[in-house]
Amino acid sequence: MGDAESGIRALTTEDPAEARRLAVILNDLNDRRKTIERQIIARIEEGIRSSMDLGERRTLVFAGKGWHRGVLGIVASKIAEKYC
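Predicted model only: the values in this text are computed from it and were never measured. Numbering of residues starts from 1 in every chain and runs along the sequence as written. Predicted model: local features are reported for residues with pLDDT of at least 70 only, side-chain atom pairs are reported and counted for 80 or more only, and whole-chain, interface and lining totals are derived from all residues. For side-chain calculations, the full set of non-hydrogen atoms in the structure is used, while hydrogens and water are omitted.

*Asks:* Would you mind going over the pattern of salt bridges with me for this structure?
*Replies:* Proximity of charged atoms lets side chains of opposite charge pair with each other. The salt bridge definition used is simple: a Lys or Arg side-chain nitrogen within 4 Å of an Asp or Glu carboxyl oxygen. Counted under the stated rule, the structure contains seven salt bridges. Salt-bridge contacts for Glu45 lead to Lys82; the nearest nitrogen and oxygen are separated by 2.7 Å. Linking Glu45 in helix H2 (residues 16-51) with Lys82 in helix H3 (residues 69-83), this pair joins segments that are 37 residues apart in sequence. Note on Glu45: relative accessible area 13%, which makes it buried. When salt bridges that share partners are traced, they join Glu5, Arg9, Glu18 and Arg21 into one network. Each helix corresponds to a stretch of at least 4 residues labelled H or I by DSSP, and each strand to a stretch of at least 2 residues labelled E; elements are numbered beginning at the N terminus. Throughout this description, buried means an accessible area under 20% of the type-specific maximum (1.4 Å probe, protein chains only), exposed means over 50%, and partly exposed covers the range between.

Rendered as structure tokens:
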């Protein structure tokens, strides 16, 4: 989510006040990412519970309108880890 500019600036600034301001922004973005990630995982897991026999599946494919592309890699990794 977002871009790397704020992170780079937070790590390279020599102004402590600017570093703190950027750290707050980055923390807020991370909290938002976690919330979005949890929502998507919950929707996927509901789909798994309601309509799939995992013993019969070799692959899982999910899609959702409005899912944020910036978190889908993390979501896919967590789902893959949980369901092998």
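Okay, back to it.
*Asks:* Before we go on, may I ask you to explain H2 in this structure?
*Replies:* Along an α-helix, residues three or four positions apart point the same way, because every turn accommodates 3.6 residues. With 36 residues, H2 ought to run about 52 Å at 1.5 Å a step, and its terminal C-alpha atoms sit 52 Å apart, in line with that. Burial in H2 covers these residues: Leu22, Arg33, Ile36, Glu37, Ile40, Ile41, Ile44, Glu45, Gly47 and Ile48. Those residues of H2 that are buried lie in contact with helix H1 (5-12) and H3. Multiplying 1.5 Å by the residue count of a helix minus one yields the expected span of that helix. Here a residue-residue contact requires only that any non-hydrogen atoms of the pair lie within 4.5 Å.

*Asks:* Can you help me understand the packing of H1 against H2 in this one?
*Replies:* Each pair of packed helices can be described by the angle between their axes along with the distance between the axes. To get an axis, fit a line to the C-alpha atoms, keeping to the stretch in contact for a helix; angles then go from 0 to 180 degrees between the N-to-C directions. At a minimum axis separation of 8 Å, H1 and H2 run at an interaxial angle of 145 degrees. The handedness of the crossing between H1 and H2 is left-handed. The segment H1 lies against H2, with Ser6, Gly7, Arg9 and Ala10 engaging Glu18, Ala19, Arg21, Leu22 and Leu26. For any pair of crossing helices, the crossing counts as left-handed if the nearer helix is rotated counterclockwise from the farther one by less than a right angle, and right-handed if it is rotated clockwise.

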